[in-house]
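# Examination of the molecular architecture
Chain residues, written in single-letter form:
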Amino acid sequence: MTPTLGARIKAEVEDWARFSTEEGRLTRLFLSPEHAQVAEAVMAAMTAAGMRARIDAIGNVVGRYEGETPGAPALLTGSHVDTVRDAGPYDGNLGVALPIACIGELNGRGKRLPFAVEVIAFGDEEGVRFPTVLSGSRAVAGTFDPAALAVRDVDGTTLEDSLRAFGCQPGNIPAEARRPTDVIGFIEVHIEQGPVLEREGLPVGIVTAISGASRFRVSVQGMAGHAGTVPMAARQDALAGAAEMVLAIERRAKGHEALVATVGRIAADPGAVNVIPGRVDFTLDIRAPADAVRRQAIADVQTEVHAIAQRRGLTVTLEEFHSQDAVVCDPRLMQALEASVARCGHRVCRLPSGAGHDAMAVAALCPMAMLFLRCGGGISHNPAESITADDVDAAARVFLDFLEAGLPLPAPSKD
Ligand code: HGY
Ligand code: MN
Ligand code: MN
């Protein structure tokens, strides 16, 4: 039996999962050798689908399928191919493989659209290797900050040197910015990474908005000392202080239903069993659908961690290295996507995204919308992430319908 379009897409994404830094688990960081491997596989898939493929100045893979008239404005689509550590295979990658396969279907029928389609495999959405986030999509949107070229990874390698080692010319990044007149909009297909569609019994959903997010590096400075001789009352224990701060952060986030806060990484120095930690560094990720809620939570957390430090004879610094306001999806693109969902026989479900996406950055360039796909138990950023071929097939049919019937968008209503 010929595999369905959905089954082929799912198999392709699972095949890409072998491009990983680590044996037996998926970790693929920006500008790594594994990123180069998946970029090659993506280019091959784009070429096979009848697209012209290239790697841009910041390591994105860009595939273009011309419309009826060469050089026509393009619908942008795509997602990211970098992953978190010990990731599931579908986060980001599905949103690259699915549009490529759909273009392959059109190309197989010799079908050209009234517009071009560009599929972009962004290289730095997760922001795991460098203290940058969304640098690939920001370059396309024209909002990439060149100062980011100087940031370093844990080995001290700058983003600029890593780009050159990857074969990119950082000086050409500004030229990657698309002109608004060259694009129609951006559609990102992505797994939901949450439980709503599974609860609703639906394969796909339409995203309404993406929560704003801030990321911090927090450093707590105490006094290293002998674990056996320093009385408890005389300690400036940076790890005990950090632990109290982490619980205070958790308490603050639990106090507001739409707020989430996460301490994802913590390190104690010098890290010896018999030494009172003199320094602790941890990360803080804090998000909310409403920017004012997130900002107020950040202010409260700063007050609280400084009070804890003072009580314990510690010092604490918080350095914000990423801040992205919430973005709303374009109503007309949403309506066009919803019409495609309905034509494909599914009930329309609208839902917000707590997870961040490249669409947040591309929203600075053009109208954007997102199509979510159900994922098992809402699990993601976890190797247990799962989807079904039937749901991928449903999403691909919606995407194809959108390409063939959803655009160009009707003129905006007069009211
Ligand atoms: O962190 C996020 O929301 C996304 O997975 N980068
Ligand atoms: Mn992710
Ligand atoms: Mn993602």
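Located above this text is the structure these notes cover.
Residues numbered from 1 in each chain as written. Chains lettered and ligands numbered in written order. Predicted model: local features only at pLDDT ≥ 70, side-chain atom pairs only at ≥ 80, totals over all residues. Heavy atoms only, no water.

With that out of the way, let us pick up the layout of surface pockets. By volume, the second largest pocket is sized at about 240 Å³. Lining the second largest pocket are 14 residues, with Thr132, Arg138, Asp145, Ala148 and Phe321 positioned closest to its centre. Elements that contribute at least two residues to the lining of the second largest pocket include exactly α4 (135-141) and β13 (315-324). If one sorts the elements of the lining of the second largest pocket by residue count, β13 sits on top with three residues. Counted by class, the lining of the second largest pocket contains seven nonpolar, five polar and two charged residues. For the lining of the second largest pocket, the two domains that each supply at least three residues are domain 1 (5-210 + 327-405) and domain 2 (212-324). (1 Å grid on protein atoms, 1.4 Å probe; cavity = no way out; pocket = protein on both sides within 12 Å on 5 of 7 lines; lining within 4 Å. Points joined across faces, edges and corners; volume = space filled by probe spheres on them. Helix = DSSP H or I, 4+ residues; strand = E, 2+ residues; numbered from the N terminus. Nonpolar A, V, L, I, M, F, W, Y, C, P; charged D, E, K, R; others polar. Domains from an automatic or database assignment.)

Next up on the list: helix α11 (residues 389-406). Taking 1.5 Å per residue as the helical rise, α11 with its 18 residues ought to reach 26 Å, and the 24 Å between its terminal C-alpha atoms agrees with that figure. Taken across its 18 residues, α11 has 13 buried, putting it largely inside the fold. (Expected span 1.5 Å × (residues − 1). Buried < 20%, exposed > 50% of the residue type's maximum accessible area, 1.4 Å probe, protein only.)

This part covers the coordination of the manganese ion (ligand 2). Within the protein, the atoms that donate to the manganese ion (ligand 2) are Asp91 (OD), Glu126 (OE) and His381 (NE2), at distances of 2.1 to 2.2 Å. In the primary sequence, the donor residues of the manganese ion (ligand 2) line up as D-x34-E-x254-H. In this structure the manganese ion (ligand 3) is found 3.4 Å away from the manganese ion (ligand 2), and aspartate 91 serves as a bridging donor for the pair. Linking glutamate 126 in the loop between β4 (116-122) and α4 with histidine 381 in the loop between β16 (368-373) and α11, this pair joins segments that are 255 residues apart in sequence. Looking at glutamate 126, the relative accessible area reads 6%, which means it is buried. (Donors = N, O, S within 2.8 Å, 3.2 Å for Na, K, Ca; no water.)

Attention shifts here to the site of ligand 1. Around ligand 1, the surrounding shell consists of Glu125, Glu126, Arg215, Arg287, Ala355, Gly356 and His381. Separating a nitrogen atom of ligand 1 from a side-chain N or O atom of glutamate 126 is a distance of 2.9 Å. Measuring from an oxygen atom of ligand 1, one finds a side-chain N or O atom of arginine 215 at 3.4 Å. The fraction of the free accessible surface of ligand 1 (210 Å²) that becomes covered by protein chains is 93%. The residue inventory of the shell around ligand 1, partitioned by class, reads one nonpolar, two polar and four charged. (Near = heavy atom within 4 Å. Polar contact = N/O pair within 3.5 Å; in protein donor to acceptor, adjacent residues only side chain to side chain. Areas by Shrake-Rupley, 256 points an atom, 1.4 Å probe, with all protein chains shown as cover.)

Ile9, Val42, Leu94, Leu98, Leu371 and Leu403 are the most contacted members of the largest nonpolar core, which totals 85 residues. Not counting residues up to four positions away in its chain, the partners in contact with leucine 94 are Ile9, Val13, Pro99, Ile191, Leu373, Ile387 and Val392. Within the second largest apolar cluster, 24 residues are counted, among which are Val218, Ala238, Ala297 and Val301. (Core = buried A, V, L, I, M, F, W, Y, C linked by side-chain atoms within 4.5 Å. Contact = heavy atoms within 4.5 Å.)

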